[in-house]
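As a plain string of letters, each chain reads:
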Amino acid sequence: MADSSGSNPQSPGFTEKLKSWLYWSWTYICTLWFAMVLTMVYVLRSPLKLQETVNAASVFLNTLTPKFYVALTGTSSLISGLILIFEWWYFRKYGTSFIEQVSVSHLRPLLGGVENSSSAGLFSSVNGDTEPRTNVAECKVWRNPLNLFRGAEYSRYTWVTGKEPLTYYDMNLSAQDHQTFFLGDTQQLRPEDSVMQKAWRERNPQARIRAAYQAIELNRECAAAYVLLAEEEATTITEAERLFKQALKSGMKLSGKDTNLVVYIKRRLAMCARKLGRIKEAVKMMRDLMKEFPLLGMLNIHENLLEALLELQAYADVQAVLAKYDDISLPKSATICYTSALLKARAVSDKFSPEAASRRGLSTAEMNAVEAIHRAVEFNPHVPKYLLEMKSLILPPEHILKRGDSEAVAYAFFHLQHWKRAEGALNLLHCTWEGTFHEVSVYPKKELPFFILFTAGLCSFCAMLAMLTHQFPELMGVFVKAFFSTLFAPLGFFADKMESFMPSCLWHQLANV
């Protein structure tokens with residue numbers, strides 16, 4: 001057993017080396033095969049009558065009128081222009097090039113390319129049953145730690161506007177999270193768990209609610225079903241809190257209680273208390289939860305705690321939490337970076353004046369605040385526009401992209417009030433951001449894909465050729481002949497050298513074969 005376990009780690013490495021060697025050798029084999037094909041075509045040019053074919057093609061091309069070349073180049077320009085229009089429309093709608101997407105999705109697997117993607121979920125087990133995620137920095141999409149309640153909060157937007165506040169992609173990610181977090185072991189599913197596994201995947205909210213009631217009929221103590229009802233059906237935070245308490249009661253009764261489920265319920269109960277104004281109770285619940293389960297870094301409960309402490313204006317406690325989590329070895333977030341900047345800005349913002357600072361220079365405390373704002377803006381440059389109310393706020397999504405616009409929306413939605421409460425903090429942010437970043441324009445801009453630029457150049461080039469051929473047919477004919485003669489000159493030189501190097505009898509024998 002020991003030998004087999006010791007040899008297992010080496011087998012994946014050998015397999016990867018073998019695959020890389022095969023890919024490397026395949027490239028050179030293809031090159032060698034292509035060179036052999038060209039050589040055989042040249043050797044067998046007499047039996048294949050290549051010279052006669054080339055001469056016939058030359059005679060045919062010489063008989064073509066300039067109108068044909070005008071039509072040819074004009075048609076090429078039209079086709080490339082249509083491709084350009086389609087590529088531009090696809091890029092504006094989906095943010096990527098259609099040709100690049102097809103090549104990456106379909107051609108790369110055929111050519112042996114490997115797509116680097118992380119299959120790890122957003123949640124790691126706190127029971128020690130599953131291996132912890134090792135590649136945290138590669139995870140780009142995170143669950144929003146301050147996500148709203150669907151029934152009690154998101155649904156209000158639907159009632160007023162008739163539009164859905166969440167995208168199907170966002171809701172699908174949440175369904176995957178719930179399945180992974182609550183129903184991790186699919187080999188030991190009870191009947192109600194099977195019902196709930198299907199319930200999370202339902203796209204229709206009413207279908208999810210009906211499935212939850214069906215699970216409760218199978219087992220009155222199905223905690224996951226009460227969680228779904230609290231999230232989806234409860235139209236008020238008070239009602240959601242009541243259902244979460246029922247879910248917690250049922251979850252604690254389970255033999256070998258599901259730790260993941262209990263942690264999720266306790267966290268949502270703390271968020272209910274925060275939303276109902278019982279902030280000190282919410283802070284205590286979050287601190288107890290972090291103390292009881294210290295391996296919950298992926299859930300980012302400390303971000304919930306930071307927001308609640310800022311509401312209490314307990315800035316010393318906020319600083320203590322930042323000292324623990326604002327570490328270079330831990331994944332950063334907009335909440336950590338901008339909260340740290342807020343504390344430093346709050347210490348000097350009430351007396352800060354740009355005119356006075358320009359005359360006397362920045363003090364040490366002001367310099368620390370400016371550097372903290374620089375650090376925050378460099379981490380996520382989208383946040384200042386929302387904090388300064390240059391862009392309208394919308395409801396935050398259930399999942400955020402680190403350092404992206406969605407994270408900026410989620411942060412500003414909950415923390416704008418804390419920046420407004422600190423007198424002069426937004427003014428200092430505005431002066432620092434406008435003076436340093438806004439002028440320099442460090443905001444990431446999406447570059448045009450290569451194929452849009454390529455098709456644009458091809459369309460313009462073909463249109464120019466069509467116009468020149470129409471205006472100067474004879475001159476363009478001379479130019480094309482000179483261009484192709486120059487282009488094929490190296491090939492003719494190579495053929496002459498091969499004829500002089502190889503014996504003529506060998507070529508004759510090979511041709512006869």
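Note that the coordinates shown come from a computational prediction; the quantities given were computed from them, not determined experimentally.

Turning our eyes to something else, we now look at the nonpolar core. Among the nonpolar cores identified, the biggest contains 91 residues, and M196, V227, F244, I265, Y338, L387 and W419 are the most heavily contacted of them. Not counting the four nearest positions on each side in its chain, L387 is found in contact with Y338, Y411, A412, L416, W419, L426 and L429.

Contact geometry for helix α16 (residues 334–346) and helix α20 (residues 405–421): axes closest at 10 Å, N-to-C directions at 25 degrees. With respect to α20, the axis of α16 lies roughly parallel. For the pair α16 and α20, the crossing hand works out as right-handed. Contacts between α16 and α20 involve A334, T335, Y338, T339, A341 and L342 from the former and E407, Y411, H415, H418 and W419 from the latter.

In this section: the pattern of salt bridges. Using the criterion set out here, one finds 15 salt bridges in the structure. With its nearest N and O atoms 2.7 Å apart, the salt bridge here joins E232 to R150. Residue E232 is located in helix α10 (residues 223–232), and its partner R150 is located in helix α6 (residues 150–161); the two are separated by 82 residues in the primary sequence. Residue E232 is classed as buried on the basis of its relative accessible area, which comes to 12%.

Quick look at a nonpolar patch on the surface now. Together, F479, V480, F483, F484, L487, F488, L491 and F494 give the surface a local cluster of nonpolar side chains, amounting to about 830 Å² of exposed area. Relative to the helices and strands, L491 is located in helix α24 (residues 489–501).

The next point concerns the confidence of the model for the protein chain. When pLDDT is averaged along the protein chain, the result is 77; 75% of the residues meet or exceed 70. Within the protein chain, the element-level pLDDT minimum falls on helix α1 (residues 2–7), averaging 41, and the maximum on α20, averaging 92. In this model, residues 1–12 is a region of pLDDT below 50 whose contacts with residues beyond four sequence positions or in other chains number zero contacts. Overall, residues 438–444 carries pLDDT values under 50, and its contacts beyond four positions in sequence, including any with other chains, amount to nine contacts.

Within the fold, A234 resides in the loop between α10 and α11 (237–253). Note on A234: relative accessible area 0%, which makes it buried. The contacts of A234, once residues within four sequence positions are left out, are G151, A152, L229, E239, A240 and L243.

When the UniProt feature table is mapped onto this chain, "transmembrane region" (unreviewed entry) is found at residues 21–44, 68–91, 448–469 and 475–494. Its end C-alpha atoms 31 Å apart, residues 448–469 is made of 91% helix and 0% strand. Each end of residues 475–494 is marked by a C-alpha atom, and these two atoms are 30 Å apart; helix forms 95% of the span and strand 0%.

With that out of the way, let us pick up empty space enclosed by the protein. Summed over all chains, the structure comprises three cavities of 30 Å³ or more. A volume near 80 Å³ is recorded for the largest cavity. Along its surface, the largest cavity is lined by N144, P145, L146, E303, S333, A334, T335, I400, E407, A410 and Y411. Sorting the residues of the lining of the largest cavity by element identifies α16 and α20 as the ones contributing at least two each. Here the lining of the largest cavity takes three residues from α20, the largest share from any one element. Taken together, the residues of the lining of the largest cavity break down into six nonpolar, three polar and two charged.

Parameters and conventions
Residues numbered from 1 in each chain as written. Predicted model: local features only at pLDDT ≥ 70, side-chain atom pairs only at ≥ 80, totals over all residues. Heavy atoms only, no water. Core = buried A, V, L, I, M, F, W, Y, C linked by side-chain atoms within 4.5 Å. Buried < 20%, exposed > 50% of the residue type's maximum accessible area, 1.4 Å probe, protein only. Contact = heavy atoms within 4.5 Å. Axes fitted to C-alpha atoms, helices over the stretch in contact; angles between N-to-C directions. Helix = DSSP H or I, 4+ residues; strand = E, 2+ residues; numbered from the N terminus. Parallel < 35°, antiparallel > 145°, perpendicular 65-115°, else oblique. Left-handed = near helix turned anticlockwise from the far one by under 90°. Salt bridge = Lys/Arg side-chain N within 4 Å of Asp/Glu carboxyl O. Patch = residues over 30% accessible without salt bridge, like charges linked within 9 Å, V, L, I, M, F, W, Y side chains within 5 Å. Areas by Shrake-Rupley, 256 points an atom, 1.4 Å probe, with all protein chains shown as cover. pLDDT = per-residue confidence, 0-100. UniProt positions renumbered as here; feature names shortened; annotations may be inferred. 1 Å grid on protein atoms, 1.4 Å probe; cavity = no way out; pocket = protein on both sides within 12 Å on 5 of 7 lines; lining within 4 Å. Points joined across faces, edges and corners; volume = space filled by probe spheres on them. Nonpolar A, V, L, I, M, F, W, Y, C, P; charged D, E, K, R; others polar.

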